[in-house]
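# Geometric and topological summary
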Amino acid sequence: MPLLFPKRVKYRKAQRGKRRGIAKGGIALAFGEFGLRALGNGWVKASQLESARVAITRGLGGGKMWLRVFPDKPVTSHGQEKTMGAGKGLVDHWVAVVKRGRMIVEVDGVPEVLAKEALRLASYKLPLRTRFISRKEELSIS
């Protein structure tokens with residue numbers, strides 16, 4: 001499967017923006033019974049999301065999975081031999097901006113031990129610290 005990126009964008013190149021702060025939305029389990037929550041801020045590349053997705057689908061064997069983030073921010077880069085002042089580089093890859101508290105992935109339809117193991121494998125593929133969340137855990141905290 002090809003990497004994720006938007007079909008079309010309003011602006012071809014975006015500014016870097018800020019990675020600080022906490023997530024304003026997407027912080028609770030919305031679809032599945034278990035999820036992976038970000039404990040820090042950062043950019044998650046489309047290739048990292050794809051490798052996490054593959055790890056989860058292989059680890060689960062069945063069930064259903066939802067990716068809750070989408071790489072819609074273009075990141076540009078210049079070649080090594082370019083001089084300063086030669087303008088902004090070409091789009092190199094796409095990233096999803098993930099802030100602290102954001103639910104990254106959700107799974108359902110599998111036992112907790114299987115979901116925990118699959119999400120543990122997926123967390124190794126991501127550049128952020130994450131935490132396994134279950135619906136029972138989330139309800140007891142609220």
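Quantities reported herein were computed from a predicted structural model and do not represent experimental measurements.

### A short note on the sheet that holds strand β1 (residues 34-38)
Spatially, the four strands line up as an open sheet ordered β3-β6-β1-β7, and their pairing is antiparallel. Edge positions in the sheet fall to β3 (64-67) and β7 (130-134), since each of these pairs with one other strand and no more. Between one strand axis and the next, the sheet turns through 20 degrees on average, direction left out of account. With five bridges joining them, β1 and β7 adopt antiparallel strand pairing. Note that in β7 the partner of Ala38 across the bridge is Thr130. Helix α1 (residues 46-60) rests against β3 and β6 (103-108) of the sheet, and its axis sits at about 165 degrees to β3. Running over the sheet, helix α2 (residues 112-125) touches β1, β6 and β7 and is turned about 30 degrees from β1.

### Some details on the packing of aromatic side chains
One pass over the full model with this rule turns up three aromatic pairs. Ring centres of Phe5 and Trp94 lie 6.4 Å apart, and the angle between their planes is 25 degrees; this geometry places the pair in the stacked category. Separated by 89 residues along the polypeptide, Phe5 in the segment before β1 and Trp94 in strand β5 (residues 90-98) bring together distant segments of the chain. Ring centres 5.6 Å apart and planes at 20 degrees place the aromatic pair Phe31 and Trp66 in the stacked group. One end of the pair, Phe31, is in the segment before β1; the other, Trp66, is in strand β3, with 35 residues separating them in the sequence.

### Observations regarding the side chain of Ser134
Considering the arrangement of structural elements, one finds Ser134 in strand β7. For Ser134, a relative accessible area of 3% translates into the label buried. With residues up to four places along the chain from it excluded, the contact list for Ser134 reads Leu29, Glu33, Phe34 and Glu112.

### Let's talk about the nonpolar core
Of all hydrophobic cores here, the largest spans 22 residues; its most connected members are Ile56, Val98, Ile104, Val107 and Leu119. Every element with two or more residues in this core is listed here: β1, α1, β5, β6 and α2.

### Examining the sheet that holds β5
An order of β2-β5-β4 is seen for the three strands of this open sheet, with the pairing classed as antiparallel. Since the sheet does not close on itself, it has two edges, and those belong to β2 (42-45) and β4 (73-77), each with one partner. If you compare each strand with its neighbour and ignore which way they point, the axes differ by 50 degrees on average. The sheet contact formed by β4 and β5 spans five bridges and is antiparallel. Among the inter-strand pairings, Pro74 is bridged to a residue of β5, identified as Trp94. Sheet strands in contact with α1 are β2 and β5, and its direction is about 65 degrees off that of β2.

### As for the pattern of salt bridges
Oppositely charged side chains can form a pair if their charged atoms are brought close together. Across all of its chains, the model carries five salt bridges by this definition. Linking Arg135 and Glu33 is a salt bridge whose minimum nitrogen-to-oxygen distance equals 4.0 Å. Of the two residues, Arg135 sits in helix α3 (residues 135-141) while Glu33 sits in the segment before β1, which places them 102 residues apart along the sequence. With relative accessibility at 25%, the residue Arg135 sits in the partly exposed group. Judged by its relative accessible area of 30%, Glu33 falls in the partly exposed class. A salt bridge links Glu117 to Arg120, with the nearest nitrogen and oxygen atoms 2.4 Å apart. A residue pair is termed a helical-turn pair when its members lie 3 or 4 positions apart in one helix, as Glu117 and Arg120 do in helix α2 at three residues.

Calculation rules
Position numbers for residues count from 1 along each chain, tracking the sequence in the order it is written. In keeping with the model being predicted, local features are shown solely for residues with a pLDDT of at least 70 and side-chain atom pairs are shown and tallied solely at 80 or more, while totals for entire chains, interfaces and linings include all residues. For side-chain calculations, the full set of non-hydrogen atoms in the structure is used, while hydrogens and water are omitted. Here, a strand pair is defined by DSSP locating no fewer than two bridges between the strands. For the purposes of this entry, the term helix denotes a DSSP run of H or I that reaches at least four residues, the term strand denotes a run of E that reaches at least two, and both are numbered from the N terminus. Geometry is summarised by axes, namely lines fitted to C-alpha atoms with helices restricted to the contacting stretch, and by angles between N-to-C directions that run from 0 to 180 degrees. Here, two residues are considered to be in contact whenever any of their heavy atoms come within 4.5 Å of each other. Stacked, edge-to-face and tilted are the three classes for Phe, Tyr and Trp ring pairs, Trp counted by its six-membered ring, which pair at centre distances within 6.5 Å; planes under 30 degrees apart are stacked, over 60 edge-to-face, the rest tilted. For every residue, the accessible area obtained with a 1.4 Å probe (protein chains only) is divided by the maximum for its type, and the residue is called buried under 20%, exposed over 50%, and partly exposed between those limits. What we call a nonpolar core is a set of buried Ala, Val, Leu, Ile, Met, Phe, Trp, Tyr and Cys residues that are connected through their side-chain atoms within 4.5 Å. Within this document, salt bridges are pairs made up of a side-chain nitrogen of Lys or Arg and a carboxyl oxygen of Asp or Glu, the two lying within 4 Å of each other.

Read these as spatial facts, not as claims about activity.
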